[in-house]
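Examination of the molecular architecture
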Amino acid sequence: MNVNGVQMIPDEPVRLLDELESVLKKQLELAHQGDTASEKFGALAAQADSLTRKITPLNIRDSDELRNRYNRLRKLYKALCLVVAAEKADVCEDLARIRRGRKIIGTYRQSV
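This part covers the overall build of the protein. Secondary structure assignment for the protein yields 3 helices and 2 strands. Listing the helices and strands of the protein from first to last along the sequence gives β-β-α-α-α. For the protein, the C-alpha radius of gyration of 22 Å lies well beyond 13 Å, the compact-globule estimate for 112 residues. Taking the principal axes of the C-alpha coordinates as reference, the protein spans close to 85 × 25 × 20 Å. Expressed as a percentage of its 112 residues, the buried residues of the protein come to 23%. For the protein, the share of sequence-separated contacts (at least 6 apart) that also reach a separation of at least 24 residues comes to 74%.

With that settled, consider the nonpolar core. Leu17, Leu20, Leu24, Ile55 and Leu80 are the most contacted members of the largest nonpolar core, which has 19 residues in total. Per element, the largest residue contribution to this core is 8 residues, and it comes from helix H1 (residues 11-32). Those residues in contact with leucine 24 that lie beyond four places of it in its chain are Leu73, Leu76, Tyr77 and Leu80.

Helix length check: helix H3 (residues 64-111) (48 residues) gives 71 Å between terminal C-alpha atoms against 70 Å at 1.5 Å per residue, within 8%. Residues of H3 that are buried include every one of Leu66, Arg69, Leu73, Leu76, Leu80, Val83 and Glu87, and no others. In this fold, the buried residues of H3 make contact with H1 and helix H2 (39-55).

Glancing now at H2. In this model H2 runs 24 Å from its N-terminal to its C-terminal C-alpha over 17 residues, within 8% of the 24 Å that 1.5 Å per residue would give. Taken residue by residue, H2 has Phe41, Leu44, Ala48, Leu51 and Ile55 as its buried positions. Down the axis of H2, the sector holding all buried residues measures 85°, keeping them to one side. For H2, the exposed residues lying more than 90 degrees away from the buried face are Glu39 and Arg53. Those residues of H2 that are buried lie in contact with H1 and H3.

So, on to the confidence of the model for the protein. When pLDDT is averaged across the protein, the result is 86; 91% of the residues are at 70 or more. The element-level mean pLDDT for the protein is lowest in strand E1 (residues 2-3), coming to 42, with H2 highest at 94. Note on residues 1-8: pLDDT under 50 across the span, and 6 contacts to partners over four residues away in sequence or across chains.

Criteria and thresholds
- Residues numbered from 1 in each chain as written.
- Predicted model: local features only at pLDDT ≥ 70, side-chain atom pairs only at ≥ 80, totals over all residues.
- Heavy atoms only, no water.
- Helix = DSSP H or I, 4+ residues; strand = E, 2+ residues; numbered from the N terminus.
- Rg over C-alpha atoms; globule rule 2.2 N^0.38 Å.
- Buried < 20%, exposed > 50% of the residue type's maximum accessible area, 1.4 Å probe, protein only.
- Contact = heavy atoms within 4.5 Å.
- Core = buried A, V, L, I, M, F, W, Y, C linked by side-chain atoms within 4.5 Å.
- Expected span 1.5 Å × (residues − 1).
- Arc of directions from axis to C-beta.
- pLDDT = per-residue confidence, 0-100.

Written out as structure tokens, the structure reads:
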């Protein structure tokens, strides 16, 4: 909407973006605490997915007024992905250690 030469942004996209930013920040905080396996993290992921599905058809990237907000959300999402990937790598290492330990115990049992 254009009023007196100023582009007006409808309230709904702004509200959805604010809500998505809040959800991503909460997820990032939980991820930094190593809490990505919790129900709360999963619920926030589902909420972020729902918000993203509502925002996508709005073509926010095409809006000059909302482009900065869109870029900020992308940065938050990338940061969240990095933290989750790092935690996943840690879990994979722990799992590999456990498997090696079980194999060693199994070999020991067979030799005794």
